[in-house]
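Chain residues, written in single-letter form:
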Amino acid sequence: MKNELYRLALRITLNPADAEDVVQETMMKVWNRREQWDQIESIEAFCLTVCRNFSLDKMRKMGLNDQSLDTDEHDAPDRSHTADPEEQAIQQDRVRLVRDIIDRLPEKQRSVMQLRDFEGKSYKEIAAILGISEEQVKVNIFRARQTIKKKYIEAEKYGL
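Cut-off values and rules
- Just so you know, the residues in each chain are numbered from 1, in the order the chain's sequence is written.
- Only residues with pLDDT of at least 70 get local features here, since the model is predicted, and only at 80 or more are side-chain atom pairs given and counted; chain-wide, interface and lining totals rely on the full set of residues.
- Think of the side-chain values as coming from all heavy atoms in the structure, minus any hydrogens and water.
- Helix and strand definitions follow DSSP, with helices as H or I runs of at least four residues and strands as E runs of at least two, each counted in order from the N terminus.
- Given a helix with a known number of residues, its expected span is that number minus one, times 1.5 Å.
- The contact definition used throughout considers only heavy atoms, calling two residues in contact when any of these lie within 4.5 Å.
- Patches were defined on residues exceeding 30% relative accessible area and lacking a salt bridge, with like-charge contacts within 9 Å and nonpolar side-chain contacts (Val, Leu, Ile, Met, Phe, Trp, Tyr) within 5 Å.
- Only the protein chains shown count as covering a residue, and every accessible area follows the Shrake-Rupley method with a 1.4 Å probe.
- Counted as salt bridges are all cases of a side-chain nitrogen of Lys or Arg within 4 Å of a carboxyl oxygen of Asp or Glu.
- Points on a 1 Å grid, built from protein atoms alone, make a cavity when a 1.4 Å probe fits but cannot get out and make a pocket when they are open with protein on both sides within 12 Å along at least 5 of 7 lines; residues with an atom within 4 Å of a point are the lining residues.
- Grid points are joined across faces, edges and corners, and a volume is the space filled by probe spheres set on the points.
- When residues are grouped by polarity, Ala, Val, Leu, Ile, Met, Phe, Trp, Tyr, Cys and Pro land in nonpolar, Asp, Glu, Lys and Arg in charged, and all others, Gly among them, in polar.
- Think of it this way: a Phe, Tyr or Trp ring, Trp meaning its six-membered ring, pairs with another when their centres are within 6.5 Å, and the plane angle makes it stacked under 30 degrees, edge-to-face over 60, tilted otherwise.
- In this scheme, a residue with accessible area under 20% of its type's maximum is buried, one over 50% is exposed, and one in between is partly exposed, where area comes from a 1.4 Å probe on protein chains only.
- Our definition puts a charge over a ring when NZ of Lys or CZ of Arg is within 6 Å of the ring centre and also within 35 degrees of the ring normal.

## Some thoughts on helix α7 (residues 134-158)
Then comes step 1: Helix length check: α7 (25 residues) gives 36 Å between terminal C-alpha atoms against 36 Å at 1.5 Å per residue, within 8%.
Then comes step 2: Along its buried surface, α7 packs onto α4 (85-103), α5 (107-118) and α6 (123-130).

Here it is, written out as structure tokens:
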């Protein structure tokens, strides 16, 4: 659960140190509300909601900056497909490109992508976590995927 919280916070804040702070704040808030756990339908959804809210609060306090996720530590070459260093470099560049595109999506689209495609949450769970309808979840996922596809094709076509 802690890793899921961190990944969500990182996707929103785009800063590893801020994401760690958010996770710690989230865990403290959830622990302080332990007497109410019986009344909470899904502890996991509650934790993710608190994490998202803390992440958004941190971004508001800092002013919405345009920094990108530091991907160097996450972009180790995938040696399972090829031993060719050139192909590994190309694959690494593609991963960076997709991450950069995702980083530039509106926050809600980044969040639904993180929860659906990276965390494997259902539309219903995402709707509960984000406080939106399942239809809005689907729309945001569709728009995010369309934007990623379009920007990826443009970048590959024009070499940007």
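From this point, the discussion proceeds with the structure in view.
## Comments concerning a nonpolar patch on the surface
Then comes step 1: Together, Trp-31, Trp-37 and Ile-43 line one region of the surface with nonpolar side chains, adding up to about 290 Å² of accessible area.
Then comes step 2: Position of Ile-43 relative to the elements: it lies in helix α3 (residues 43-62).

## With respect to the environment of Met-113
Then comes step 1: In this fold, Met-113 is placed in helix α5.
Then comes step 2: In the structure, Met-113 is positioned 13 residues away from Ile-126 in sequence and 9.8 Å away in space, judged by C-alpha atoms.
Then comes step 3: Among all residues touching Met-113, those that are not within four sequence positions of it are Leu-105, Phe-118, Ile-141, Ala-144, Arg-145 and Ile-148.

## Here's the deal with empty space enclosed by the protein
Then comes step 1: A full pass over the atoms with the stated rule returns 1 cavity of 30 Å³ or more.
Then comes step 2: Space inside the largest cavity adds up to approximately 30 Å³.
Then comes step 3: Lining the largest cavity, in full, are Ser-42, Glu-44, Ala-45, Leu-48, Lys-121, Glu-125 and Ile-129.
Then comes step 4: The element best represented in the lining of the largest cavity is α3, accounting for 3 residues.
Then comes step 5: Taken together, the residues that form the lining of the largest cavity break down as 3 nonpolar, 1 polar and 3 charged.

## Section: the packing of aromatic side chains
Then comes step 1: Applying the stated rule across the entire model yields 1 aromatic pair.
Then comes step 2: Taking 6.1 Å as the distance between ring centres and 70 degrees as the angle between the ring planes, the aromatic pair formed by Trp-31 and Trp-37 counts as edge-to-face.
Then comes step 3: When its relative accessible area of 32% is taken as the criterion, Trp-37 is described as partly exposed.
Then comes step 4: Its end group placed over the ring of Tyr-123, Arg-116 keeps NZ or CZ at 4.3 Å from the ring centre.

## Overview of the pattern of salt bridges
Then comes step 1: Per the counting criterion, the structure on display carries 8 salt bridges.
Then comes step 2: For Arg-96, the salt bridge identified is with Asp-93, shortest N-O distance 3.4 Å. Highlighted residues: Arg-96 and Asp-93, both in helix α4, separated by 3 residues, approximately one helical turn.
Then comes step 3: On the basis of relative accessible area, Arg-96 is assigned to the partly exposed category, the value being 24%.
Then comes step 4: Exposure remark for Asp-93: the relative accessible area of 46% places this residue in the partly exposed category.
Then comes step 5: Salt bridges linked by common partners bring Glu-4, Glu-44 and Lys-121 together as one network.

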